[in-house]
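# Structural characterization, general
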Amino acid sequence: MASLSRALRVAAAHRGWSPSQGLGLRPLTSTAGPTTKKSVPYQRTLKEEQGPSAVARGPSQPLPSTASVVVIGGGSVGCQTLYHLAKLGVSGAVLLERERLTSGTTWHTAGLLWQLWPSDVEVELLAHTRRVVSRDLEEETGLHTGWIQNGGLFIASNRERLDEYKRLLSLGKAYGVESHVLSPAETKALYPLMNVDDLYGTLYVPHDGTMDPAGTCTTLARAATARGAQVIENCPVTGIRVRTDDFGVRRVAAVETEHGSIQTPFVVNCAGVWAGAVGRMAGVRVPLVAMHHAYVVTERIEGIQNMPNVRDHDASVYLRLQGDALSVGGYEANPIFWEEVSDKFAFGLFDLDWDVFSQHIEGAINRVPVLEKTGIKSTVCGPESFTPDHKPLMGEAPELRGFFLGCGFNSAGMMLGGGCGQELAHWIVHGRPEKDMYGYDIRRFHPSLTDHHRWIRERSHEAYAKNYSVVFPHDEPLAGRNMCKGPLHEELLGRGCVFQERQGWERPGWFSPRGAAPVLDYDYYGAYGHQVHKDYVYNRLLGDEYTFDFPPHQDVIRKECLACRGAAAVFDMSYFGKFYLVGSDARKAADWLFSADVSRPPGSTVYTCMLNHRGGTESDLTVSRLDPGLQAPTLAPTFEGDGYYLAVGGAVAQHNWSHITSVLQDQRFRCQLIDSSEDLGMISVQGPASRAILQEVLDVDLSNEAFPFSTHKLVRAAGHLVRAIRLSFVGELGWELHMPRAACVPVYKAIMAVGAKLGLVNAGYRAIDSLSIEKGYRHWHMDLRPDDSPLEAGLAFTCKLKSAVPFLGREALEQHRASGLRRRLVCFTVGEKVPMFGLEAIWRNGCVVGHVRRADFGFTINKTIAYGYIRDPSGGPVSLDFVKSGDYALERMGLTYAAEAHVKSPFDPDNKRVKGIY
């Protein structure tokens, strides 16, 4: 048998490749078909493939004429979804598999389960998967799933990597996940075959483990069918039948197969690599790509038995225990795309391209030197699906009601399958998941991106190539950039703007005093024959911030913040979502959608939330009531009845659009939702000098009496009609100016000309993050999520509970209020100058009571500020007295820092500054 070292030598000779030369030219794509004769870890599955085609034998059982839910795809996520639907009491759920369970991708997956990821929601999802495979299924069926608890070991070869692991350790304490940071010597004692000479340390998680794909899926199917579900194999889906209801809404009607059709209101697309084809049957865009993903299985290694699984992120390699051998795999910078996805592919594999895979071998041999002389027993190279942000695609498709996605799991379908299957089941049965699944929700992507081939390909490649990279707080993608630029983009670029990317939009991050830092076309990190950009200023600025200390540009952001507090700052917020809700039922819709009373007189602007039926917060936004008698065609559509102008954060605009659209459809409100996001720009001027600056630019009186806080007017600026709204997102006197794109540059220049003599500066979203947390303003999807109620988040003032007006989520809020809040969002300040970014554990009186959701440095108060939800360990309500009476500390990277809890914002708690009182 060939050894790993021999494979490395052969690959080095092939095409002149050598480790010192880097990646070089690589094939970009593959149209090759699969091979089926391979020695792989799951022999039983392959042997069953022999003989006549499974499909040719016909379905494993007759098709029912109707089903409550049809799950398409019998891999890990499909089986987990069916199982959890059955556990929720759904009768008549059906899973259709075109071949046999696990075919396609699940059967050859490595089956690793790591409990600690840099996301609180993902830690919860992984914990549920572990419970299902290690306990629940065996208790229900008496069958062993193949779960092996051999532990997990993360390798740190530099300080930044070890810091990342220490952050995971602190987060794990909030969830009861046992983990230990080990020294090199302790690591050697745990794993004697490991080379530890180049290590800074490791993170050891003793209850990590390994799953068996075939055993898990078989047991899930057994448990689901015992509860009344059906699993039908050898039954390819050929179409999705769609109906249009009397309100004009497209809905799922039936699933068509070669052997008949099944009428159903719900379909779940769990087809993995083939999910795009299933989506096209229904007119649903599924933004994923297929790539080759590989590992090799070694011959027997003496002394490897019972060792933990290993992830050496810096070498981009993993080592999975395979009995008395190891599986070795990883993520390379030049993966092979599978362009022509074959619908005949089931239990086959690709031939391994050693020229691509060999880059993992050197890292594996360095970490476990005995591998140099260990033979290779088999190679496993199969297809996997990958997405633009390396997150799964889940939830109801915005194009088709009743069509759900459960695909694009980026080679983590076994790990995430249990948690995500449970959430999908809740989504279908209750209309929303239990947890905050926004990061996986297909509605996070704007429709202009979900069918944009270049964007999907570039971003999916970069996400794959950087899968093992350290997750730094201020990193930005290099792929798929400049998709949507604001009207001030070139103007700000020339003034040193360093842009951030949010769902395709370029928005200002901060302003470099060193000049322009343009984002260049994606260079694929030098793969596929691309030349790596030389002297790439933007990339260098990003790299400078690859730290868990205070970033090197901290002083620049400090100056932007203090200029806003002391004089004024101008913010380009054109990437915001800007919607109009108009029509005969607009007021009814607004009363139902928004938690606050937005049906105030025209000219008023209200900060409000939108809730789900469980009282969770789907959005926070501002709503301005329009005067039908003062219509301005350049700023708003012509309408009859009532009208409202909605301004929402640009990164979550599509989520807002989809939520509102679904509510309008469900309630059958007769009104229109119109998207003007790309037609309008938005410039905000904030700070004590904002009134003096804008008074010379706008043609109206800006005094408190003439233009109060939370009101808006149509005004003229630099000869253009704009909508001025007196609001603040940073806690200062200020106005937002909403205007047609063509007006943005002249209005901006007029503001800058006047502001030059009053200390006005450009500022970006890094400053907004600091200023807003200092003032205590919430950020949706950070300290305010769909599983957080406004009562828990300290936003009771946004809820019209004192009125008799019904609104979505009201009943749930009233129940929460009556029973007492079981958790509460609390502001903390830390006296020591220490950077925090979220995920830190919160200690109260010696017990962990939560973790930090969001943290930043407040330059005005000169302290680190953190927000997180806390619970009472006894399970009782969390009152304000409970908050005030505790002795708190925040744990960062294993070290605790004394913290002070606040029930009001530590900056301007009486809200004087937004009222112009200085």
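It should be noted that the structure appears before, not after, this text.
I will try to describe carefully the structure that is included in this document.

Cut-off values and rules
Residues numbered from 1 in each chain as written. Predicted model: local features only at pLDDT ≥ 70, side-chain atom pairs only at ≥ 80, totals over all residues. Heavy atoms only, no water. Phe/Tyr/Trp six-rings, centres within 6.5 Å; stacked < 30°, edge-to-face > 60°. Helix = DSSP H or I, 4+ residues; strand = E, 2+ residues; numbered from the N terminus. Buried < 20%, exposed > 50% of the residue type's maximum accessible area, 1.4 Å probe, protein only. Contact = heavy atoms within 4.5 Å. Core = buried A, V, L, I, M, F, W, Y, C linked by side-chain atoms within 4.5 Å. Pairing = 2+ DSSP bridges. Axes fitted to C-alpha atoms, helices over the stretch in contact; angles between N-to-C directions. Expected span 1.5 Å × (residues − 1).

This structure, assessed with the given rule, holds 32 aromatic pairs. Their ring planes at 75 degrees and their centres at 5.7 Å tell us that Phe 445 and Trp 455 sit as a pair that is edge-to-face. With Phe 445 in the loop between helix 11 (413-430) and helix 12 (447-450) and Trp 455 in helix 13 (residues 453-465), this residue pair connects regions lying 10 residues apart in the sequence. Judged by relative accessible area, Phe 445 falls into the buried class, the value being 4%. Centre to centre, the rings of Tyr 522 and Tyr 524 are 4.6 Å apart; their planes meet at 45 degrees, and the pair counts as tilted. Judged by relative accessible area, which is 7%, Tyr 522 ranks as buried. With relative accessibility at 8%, the residue Tyr 524 sits in the buried group.

Our next topic: the side chain of Asp 441. With respect to the helices and strands, Asp 441 occurs in the loop between helix 11 and helix 12. The class of Asp 441 is buried, set by a relative accessible area of 2%. When near neighbours in sequence (up to four residues on either side) are disregarded, Asp 441 contacts Met 394, Trp 427 and His 655.

Once that is clear, we can look at the nonpolar core. Ranked by size, the top nonpolar core spans 176 residues in total, and within it Leu 96, Tyr 191, Leu 371, Phe 403, Leu 416 and Phe 571 carry the most contacts. Among all residues touching Phe 403, those that are not within four sequence positions of it are Ile 240, Val 252, Val 267, Asn 269, Val 278, Gly 279, Ala 282, Val 284, Gly 395, Glu 396 and Ala 397. Within the second largest apolar cluster, 34 residues are counted, among which are Leu 488, Ala 689, Trp 735 and Val 754.

Quick look at the pairing of strand 29 (residues 642-648) now. Remember that side chains alternate between the two faces of the sheet whenever the strand is regular. In terms of burial, strand 29 is a largely internal element, 6 of the 7 residues being buried. Judged from the 7 bridges that link them, strand 26 (residues 577-583) and strand 29 form a sheet pairing that is antiparallel. Note on strand 29: the bridge partner recorded for Leu 581 is Tyr 644. With 4 bridges joining them, strand 28 (residues 617-625) and strand 29 adopt antiparallel strand pairing. Of the residues in strand 29, the one forming a bridge with Arg 625 is Tyr 644.

What follows deals with the sheet that holds strand 26. Read from one edge of the open sheet, 5 strands run 27-28-29-26-30, paired in antiparallel fashion. In the strand order of this sheet, the two ends are held by strand 27 (605-611) and strand 30 (672-675), each with one partner. Neighbour-to-neighbour, the strand axes of the sheet open up by a mean angle of 30 degrees, direction not taken into account. Where strand 26 meets strand 30, 4 bridges bridge the pair, whose relative direction is antiparallel. Across the sheet, the residue bridging to Phe 579 is Asp 675, located in strand 30. Against the sheet, helix 18 (residues 653-667) touches strand 26, strand 27, strand 28, strand 29 and strand 30, its axis set at about 165 degrees to strand 30.

What follows covers helix 3 (residues 76-87). Counted at 1.5 Å a residue, the expected span for helix 3 with its 12 residues is 16 Å, and the 16 Å between its end C-alpha atoms agrees. Considered for burial, the residues of helix 3 that qualify are Ser 76, Val 77, Gly 78, Cys 79, Gln 80, Thr 81, Leu 82, Tyr 83, His 84, Leu 85 and Ala 86. Following helix 3 by one or two positions, Gly 89 has its phi on the positive side, about 90 degrees.

Positive phi is not limited to glycine here, since Asn 410 has a value of about 55 degrees. Counting through the fold element by element, Asn 410 comes out in the loop between strand 21 (403-407) and helix 11. Of note, the phi angle at Asn 862 is positive, near 60 degrees, even though the residue is not glycine. Position of Asn 862 among the secondary structure elements: in the loop between strand 38 (847-858) and strand 39 (863-871). For Asn 862, a relative accessible area of 38% gives the class partly exposed.

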